[in-house]
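Structure assessment
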Amino acid sequence: MWAMQPAGVSSRSINAENFSGEPGQGAKASSELGPGRKGSAWINIPSGETATLADIQGPGVIRHIWITVDDRTDKGPFVLRDLVLRMYWDGSDVPSVEVPLGDFFCNGFAQRCLVTSEPVVVAPTGGMNCFIAMPFRERARITVENQHGGALTHFFYQVDYTVGDDVSGAGYFHAQWRRSNGDLPLGEDHVILDGVEGRGTYLGTYIGLASLQRYWWGEGEVKFFIDSDADCPTLCSTGLEDYAGGAWAFQDELRLDPEPEVLTFSAPYFGYPFHETQDKSKAAPFHRGMPPMHGLYRWHIPDPIYFQERLKVTVQQIGTWDHGGLFERSDDICSTAYWYQDTINRNLPELPAARLRWPR
């Protein structure tokens, strides 16, 4: 596909072979094969340290981020929840993105799964890619904090971007993680996003849910309270699996016998890529049964959700069964919200400590 290059716009790339992204500064490090022969493919992030992946002067647009790292060490199996990805725009001291690394790439529960969507792709084995455009006017800074108990000795990454772009009128990209750890009263909705004021576009949602009660867990409706909405939202789904583009409990059939088969899938704008009932962490010598865990995503790219003044997003916790119909639940829900807004959002909930983010 051929396209005209915008006047004054240049392509750049940052990784361990070119930390600055400056022209002509890549592939200088030496290996046993000689100068410039794959001498600096990764970085080491000690426990408790924060690595700066990119620090770029604008204007520009981040076009693609690729990361891969061990998902466990001898210090524990939850690396993808222990690493925190942050992004800062235009000199702000408040991160516009603050999300556990795995969850940002729709890999919740600190466990890898394949994702094949338009903005996020997780390829074999653990190649995490994001293609969301992230404009900035003056400066972009991306960091990863290692809150894991041990060092990450082989952290690979690449940030592909352009500089010189006309970003006038472009919104700032944001992503935010929240968790309701089975601690909400019955009938209280999990908050996916709140406190957003200004004008913008809601881009998408990733939800990880550990089912803490029997029977179907996904009757809860996703609600979008836009601008002046108060008690009732403007937009509302008809159920959680419906919001993720699925139907009838993500099963091959609703039946008692034989046991129905749960079907995972991944598509450009929605998916249910993760379902697991057996612990695979190998962190304890016990029976591997665990609460059923479910991961799903929905991207509002062809059907954007616009707001002019404010936005709040929630999901109900509702189940159903044959002998009582709908019932209120309190499951372990984590969520990542992705959106653009015309200003940098400073209303950021406190991120729980690493141990409090670990999956059940």
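For the structure, check the block above.
Note that this is a predicted model, so its numbers are computed, not measured.

A few words on the overall build of the protein chain. Summing up its helical and strand segments, the protein chain has four helices and 27 strands in all. For 360 residues, the compact-globule estimate of 2.2 N^0.38 gives 21 Å, and the protein chain sits close to it at 21 Å. If you line up the protein chain on its principal axes, its C-alpha atoms span 70 × 55 × 40 Å. Here the protein chain holds 360 residues, and the buried ones make up 51% of them. Considering only contacts in the protein chain between residues 6 or more positions apart, those separated by 24 or more positions represent 75%. Of the accessible surface of the protein chain, which amounts to about 16,900 Å², a share of 52% is contributed by carbon and sulfur atoms. Across the protein chain, 30 positive and 46 negative side-chain charges occur, with their mean positions spaced 6 Å apart.

The residue histidine 294 is located in strand E22 (residues 289-299) in this model. Judged by its relative accessible area of 5%, histidine 294 falls in the buried class. Looking at histidine 294, its side chain comes within polar contact range of the side chain of tyrosine 272, at 2.8 Å. Beyond its immediate stretch of four places on either side in the chain, histidine 294 contacts Phe109, Ile207, Gly208, Leu209, Ser211, Trp217, Tyr272, Phe274 and His275.

Okay, the layout of surface pockets next. Looking at the largest pocket, its volume works out to about 930 Å³. Around the largest pocket, the lining comprises 26 residues; the ones closest to its centre are Tyr215, Trp216, Ala249, Gln251 and Leu254. Among the elements of the structure, strand E21 (270-278), E22 and strand E25 (318-321) are those that each provide at least two residues to the lining of the largest pocket. The element that contributes the greatest number of residues to the lining of the largest pocket is E21, accounting for three residues.

It is worth spelling out the side chain of histidine 190 at this point. Along the chain, the position of histidine 190 falls in strand E16 (residues 190-197). A distance of 2.8 Å separates a polar atom in the side chain of histidine 190 from a polar atom in the side chain of serine 335. The residues contacting histidine 190, other than those within four sequence positions of it, are Arg178, Arg179, Ser180, Leu184, Val313, Thr314, Val315, Gln317, Ile333, Cys334 and Ser335.

We now examine the environment of glycine 204. The topology assignment puts glycine 204 in strand E17 (residues 200-210). Each C-alpha atom, one on glycine 204 and one on phenylalanine 270, is 9.3 Å from the other, the two residues being 66 residues apart in sequence. In this structure glycine 204 touches Arg298, Trp299, His300, Thr336, Ala337 and Tyr338, once residues within four positions along its chain are discounted.

Right, let's get into the pattern of salt bridges. On inspection of all chains with the given rule, the structure shows 17 salt bridges. Among the salt bridges present, the one from arginine 63 reaches aspartate 165, with a minimum N-O distance of 2.8 Å. Placement of arginine 63 in strand E6 (residues 60-68) and of aspartate 165 in the loop between strand E14 (152-163) and strand E15 (172-181) is noted, with a sequence separation of 102 residues between them. Between aspartate 331 and arginine 329 there is a salt bridge, and its shortest N-O distance comes to 2.7 Å. Overall, aspartate 331 belongs to the buried group, its relative accessible area being 2%. In this structure arginine 329 comes out as buried when scored by relative accessible area, which is 0%. When salt bridges that share partners are traced, they join Asp71, Arg72 and Arg112 into one network.

To continue, consider the nonpolar core. Counting residues in hydrophobic clusters, the biggest one holds 63 residues, and the most contacted among them are Phe104, Phe155 and Phe173. With six residues, the top contributor of residues to this core is E14. When neighbours within four sequence positions are excluded, phenylalanine 155 is seen to be in contact with Trp42, Ile43, Ile45, Leu53, Ile67, Thr68, Val69, Leu83, Leu101 and Val144. In this structure, Trp217, Phe250, Ile305 and Leu311 belong to the second largest nonpolar core, which totals 26 residues.

The rules behind each value
- Residues numbered from 1 in each chain as written.
- Predicted model: local features only at pLDDT ≥ 70, side-chain atom pairs only at ≥ 80, totals over all residues.
- Heavy atoms only, no water.
- Helix = DSSP H or I, 4+ residues; strand = E, 2+ residues; numbered from the N terminus.
- Rg over C-alpha atoms; globule rule 2.2 N^0.38 Å.
- Buried < 20%, exposed > 50% of the residue type's maximum accessible area, 1.4 Å probe, protein only.
- Contact = heavy atoms within 4.5 Å.
- Areas by Shrake-Rupley, 256 points an atom, 1.4 Å probe, with all protein chains shown as cover.
- Lys, Arg positive; Asp, Glu negative; His and termini not counted.
- Charge placed at Lys NZ, Arg CZ, Asp CG, Glu CD.
- Polar contact = N/O pair within 3.5 Å; in protein donor to acceptor, adjacent residues only side chain to side chain.
- 1 Å grid on protein atoms, 1.4 Å probe; cavity = no way out; pocket = protein on both sides within 12 Å on 5 of 7 lines; lining within 4 Å.
- Points joined across faces, edges and corners; volume = space filled by probe spheres on them.
- Salt bridge = Lys/Arg side-chain N within 4 Å of Asp/Glu carboxyl O.
- Core = buried A, V, L, I, M, F, W, Y, C linked by side-chain atoms within 4.5 Å.

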